[in-house]
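Observations on the three-dimensional arrangement
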Amino acid sequence: SRVELFDCVIFGGGGDLAERKLLPALYYRDRDGQIPAGSRIVGVSRTERSDEDYRIFAQKAIELHVDAADVEPEALARFLSRLHYRSVDALGDSGWEELKVLLDDGGKDRVRAFYLAVGPTIFGPLAAKLKAEGLVHDKTRLVIEKPVGRDLQSAQQLNADIARHFREDQVFRIDHYLGKETVQNLMALRFANVLYEPVWNHSFIDHVQITVAESVGLEGRAGYYDKAGALRDMVQNHLLQLLALVALEPPSTLKADAIRDEKLKVLRALKPIDARNAFQVTVRGQYQAGASESGAVKGYLDDLGERSSDTETFVAIKAEINNWRWAGVPFYLRTGKRLPRRASEIVVTFRPVPFLIFGDSAGPVSQNRLVLRLQPGEGVKQWLMIKNPGSGGMRLRQVALDMTFAEAFNIRQPDAYERLLMDVIRGDQALFMRRDEVEAAWEWVDPILRAWKDIEQKPQGYASGTWGPSRAIALIERDGRTWHEPE
Ligand code: BG6
């Protein structure tokens, strides 16, 4: 649908997220003609800067983070002309009047989006401040990044603080994984084809694996990360969102609440993990010195500059969903830093055929697998058994119907933030987390965190450049299954 005239105000406008993601994403959408003339992007932070300084900052950001071939001088100049900057003391008094004057100057009809690319501790106070300063009108939207809380109680508190000043339909909680093409493709694959849905259940699916592997380490985020750990940083949001989309019942429409109602049901049906079973079904790991793609790397403690830390940089979990569709189907989740490479995928493994008519000479019959690759090289692969072409007699072999999007369509894969930012302007919340969803995810995560403390389940070391600690391999092999090695 059409994008309305808007002002997008980025708190933390000079920060890392604005530089690496938000400004490049907005540039692309502008270049592709989706930003209506007259729309403005306003960078805000405490630092004194002129509009001109901010345009220089943005130009550098775009030159660094947009493919050189896509930096078109005319498009860039037009984009920079839309940028403004105001120095505002987020929790103090200075600068608010100037910001208000600028925004009011744009007229009251346009969409106004406040993007809080700032530390989570000031989400609540800043939301209050926006309201108190008279900046919130009917078409105002508030965008917050994760983390939404660090446990159930703090998430509820934050949601309540925000709800005092913004209606739920004005609040956009970003989980950028939902903006990835393949994730949206999951909906297309499941609900625009008749093939999968009839077999998408415990009768035909053996198990599901969700892997989000990163090769990077701490990336200078020690302060945040050491207090969070992989369960809070990745599982509570990204992995559970992926799980919910694989597992949800067909929503009746594509409307935000129809989808989010179904995701919520899945999250609420997750089998609890607590002190009684945590040791059997969860694995924590922490990377040690080893090798990454780029050469030798230090261990987590060295990166941190500390002598000890119990923070996990790797988690594997055998999750289960207690409902009719999924009873008895394990969802194996794993994510970690300093793994062999950046690779994220969802793998659905179907059950073995019920009866084998082929003899030993035909060779092994592998279970069908559907592999959805999120990154890199987004695409879908369906593994099937066929007759080995040409050979005498009946010999079988496994082949993949391979749909690698970049090869198939020869178009640029947009970054998740492009789609998400435009959805904020359009007012479409389908790819954003609703309050109750975030809280349901914490409700499942909290007892795991508590169990780890109570039973003193510490992270097991793993060498950088490997697929995590040995217990992670045991977690799945104990069930007679193996992790799918991302290609
Ligand atoms: C973020 C986490 O949400 O996602 C980071 O805080 C992580 O720790 C990042 O590196 C991964 O995102 P992507 O898009 O690079 O897979």
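For the structure, check the block above.
The text that follows walks through the structure, step by step, so that each part is easy to find.

Thresholds, definitions, all that
Residues numbered from 1 in each chain as written. Predicted model: local features only at pLDDT ≥ 70, side-chain atom pairs only at ≥ 80, totals over all residues. Heavy atoms only, no water. Near = heavy atom within 4 Å. Polar contact = N/O pair within 3.5 Å; in protein donor to acceptor, adjacent residues only side chain to side chain. Areas by Shrake-Rupley, 256 points an atom, 1.4 Å probe, with all protein chains shown as cover. Helix = DSSP H or I, 4+ residues; strand = E, 2+ residues; numbered from the N terminus. Nonpolar A, V, L, I, M, F, W, Y, C, P; charged D, E, K, R; others polar. Contact = heavy atoms within 4.5 Å. Salt bridge = Lys/Arg side-chain N within 4 Å of Asp/Glu carboxyl O. Buried < 20%, exposed > 50% of the residue type's maximum accessible area, 1.4 Å probe, protein only. Pairing = 2+ DSSP bridges. Axes fitted to C-alpha atoms, helices over the stretch in contact; angles between N-to-C directions. Parallel < 35°, antiparallel > 145°, perpendicular 65-115°, else oblique. Left-handed = near helix turned anticlockwise from the far one by under 90°.

1. What to know about the site of the ligand
- Around the ligand sit K146, H176, Y177, K180, E214, R221, D233, M234, H238, K337, R342 and Q375, and those are all the residues in its vicinity.
- Take E214: an N or O atom from its side chain is 2.5 Å from an oxygen atom of the ligand.
- Here K337 contributes a side-chain N or O atom positioned 2.8 Å from an oxygen atom of the ligand.
- For the ligand, the accessible surface in isolation is 400 Å², of which the surrounding protein chains cover 84%.
- Examining the composition of the shell around the ligand, we find that three residues originate from one element, helix α9 (residues 230-247), more than from any other.
- Considering only residue class, the shell around the ligand consists of two nonpolar, three polar and seven charged.

2. Re the side chain of S45
- Looking at where S45 falls in the secondary structure, it is placed in strand β2 (residues 40-45).
- A polar side-chain atom of S45 sits 2.6 Å from a polar atom in the side chain of Y85.
- Look past the residues within four positions of S45 in its chain and what remains in contact with it is G13, Y85, R86, S87 and V88.

3. Looking at the pattern of salt bridges
- In the structure shown here, the tally under the stated rule is 47 salt bridges.
- The partner of R434 in a salt bridge is D261, and the shortest N-O contact between them spans 2.9 Å. With R434 in the loop between β17 (432-433) and α15 (435-454) and D261 in helix α10 (residues 256-268), the pair connects residues that are 173 residues apart, well separated along the chain.
- Residue E487 is joined to K381 by a salt bridge in which the shortest nitrogen-to-oxygen separation is 2.4 Å. With E487 in the segment after α16 (470-477) and K381 in strand β15 (residues 379-387), this pair connects stretches of sequence that are 106 residues apart.
- For E487, a relative accessible area of 53% translates into the label exposed.

4. Some thoughts on the pairing of β2
- The buried count for β2 comes to six of six residues, which makes it a mostly enclosed element.
- Of the two faces of β2, both are covered, the one formed by R40, V42 and V44 as well as the one formed by I41, G43 and S45.
- As paired elements, strand β1 (residues 6-11) and β2 share five bridges and run parallel to each other. Counted as the bridge partner of F11 is V44 from β2.
- Summarising the sheet, β2 and strand β3 (residues 83-87) pair through five bridges and their orientation is parallel. Among the inter-strand pairings, I41 is bridged to a residue of β3, identified as L83.

5. Description of the packing of helix α6 (residues 152-163) against α15
- Look at α6 against α15: their axes get within 9 Å of each other, and the N-to-C directions meet at 165 degrees. As the angle between them shows, α6 and α15 are arranged roughly antiparallel. In this structure, α6 meets α15 at a crossing whose hand is left-handed. Contacts from L152, A155, Q156, N159, A160 and A163 in α6 reach R435, E439, W442, E443 and D446 in α15.
- Classifying every residue of the contact of α6 with α15 by side-chain character gives five nonpolar, two polar and four charged.

6. As for the sheet that holds β15
- Spatial strand order, β16-β15-β14-β13-β7-β12-β11-β8-β18: nine strands in an open sheet with mixed pairing. The outermost strands of the open sheet, each flanked by one partner alone, are β16 (396-404) and β18 (460-463). Adjacent strand axes in the sheet meet at a mean angle of 20 degrees, parallel and antiparallel pairs treated alike.
- Here six bridges tie strand β11 (residues 314-319) to strand β12 (residues 331-336), and the two strands are oriented antiparallel to one another. Paired with A319 across the strands is F331, a residue of β12.
- On the sheet, helix α7 (residues 181-191) packs against β13 (343-350), β14 (369-375) and β15 and is oriented at approximately 145 degrees with respect to β14.

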